[in-house]
Amino acid sequence: MKYFKIFFLIIIFSCSNNHESKKLQNHQRIDLGEIESDEILEASGIASSRFNQNILWTHNDSGDLNRIFAMDINGNHVGEFFLNNVENRDWEDIAIGPGPMEDVDYIFVGDIGDNRSENDVKYIYRFAEPQVYTNNQSLDINIDNIDQISYQYEDGNRDAETLIVDPITKDIIIISKREESAVHVYLLPFPHDTENILTAQLIMTKDFYPNTNFNTTQRIVAGDISKDGSDILIKSYTDVFYFSRESNQSIFDALNTSGVKLPYVTEPQGEAICWDRMTSGYFTLSEEADDANQPAHLYFYPYN
């Protein structure tokens, strides 16, 4: 059944993509084409909608406006959504998961980057995922009713680019980036107080490259979890790691296993990964290369 699902997904992409550049490449990577919006220059996170069919959410890195972008699964621009009364200090990841209201999908935007580890307080912005109308492009949609989750790390300031929301426990998991061996994995347990500054608990450390000398391409820059909580992706600049999670396991117990590497072709600065809504494969997205001849492309890897 899974083989049929993957084959069917490839057929859908083949029939629906408007970009001439799409083709099946090495490692079964499907090039879905260049990102249409000229405003997406430094994509630093990506999330697959569970509420809107065939919609992906992304955002730019630090210094951009307080906005997220909706695009379809071929990279076509759908709309911009502005987070009212919110600043993009250093947005580094975006996730979708459960929150305070049952049966509501929430978007979580992680203002968790901190290259110099100088910001004592980090922020995660949470709001109900808005409905997207692909047949009526709207470039200036405002989002209100945004919860601000403020937190500090229990062991000092950290730079992080990986934000995961556990669909089973509703906990938030953050993975640090800038360590030179084992990264730090933190927990913000649900429910999340939005009135006070929380303390992110250090739950574990993990070296994703225990048998190699450290280099900056090994930094952990993204992650995602399937809707049922059983499949976890963690991404560095050069690799994608997969961890299977049993029904009685915590995310941390699952990450404490060896995991396996999944196919991935290195991008100019690939800092974004997410499952598709059916967990039939994963999308990746990169910042644009400095070379103008290398615009950002959306890629898809069928998962087997």
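Residues numbered from 1 in each chain as written. Predicted model: local features only at pLDDT ≥ 70, side-chain atom pairs only at ≥ 80, totals over all residues. Heavy atoms only, no water.

A separate point is empty space enclosed by the protein. Counted by the stated rule, this structure contains one cavity of 30 Å³ or more. Within this model, the largest cavity holds a volume of roughly 90 Å³. Elements supplying a minimum of two residues to the lining of the largest cavity: β2 (43–48) and β15 (220–225). When its residues are assigned to classes, the lining of the largest cavity shows four nonpolar, two polar and five charged. (1 Å grid on protein atoms, 1.4 Å probe; cavity = no way out; pocket = protein on both sides within 12 Å on 5 of 7 lines; lining within 4 Å. Points joined across faces, edges and corners; volume = space filled by probe spheres on them. Helix = DSSP H or I, 4+ residues; strand = E, 2+ residues; numbered from the N terminus. Nonpolar A, V, L, I, M, F, W, Y, C, P; charged D, E, K, R; others polar.)

Take the pairing of strand β10 (residues 147–153) next. With five bridges joining them, strand β8 (residues 122–128) and β10 adopt antiparallel strand pairing. Bridge pairing in β10 links Ile 124 to Ile 149. Alignment of β10 against strand β14 (residues 197–206), held across four bridges, turns out to be parallel. Within the sheet, the bridge partner assigned to Tyr 153 lies in β14 and is Ala 200. (Pairing = 2+ DSSP bridges.)

Right, let's get into the sheet that holds strand β1 (residues 30–34). Across the sheet, which stays open at both edges, the four strands sit in the order β1-β21-β20-β19 with antiparallel pairing between neighbours. Every interior strand has two partners, whereas the edge strands, β1 and β19 (270–275), have only one. For this sheet the average axis-to-axis angle between neighbouring strands, irrespective of direction, equals 20°. Pairing between strand β20 (residues 281–286) and strand β21 (residues 297–302): five bridges, direction antiparallel. Residue pairing for β21: Phe 283 is matched across the bridge by Phe 300. (Axes fitted to C-alpha atoms, helices over the stretch in contact; angles between N-to-C directions.)

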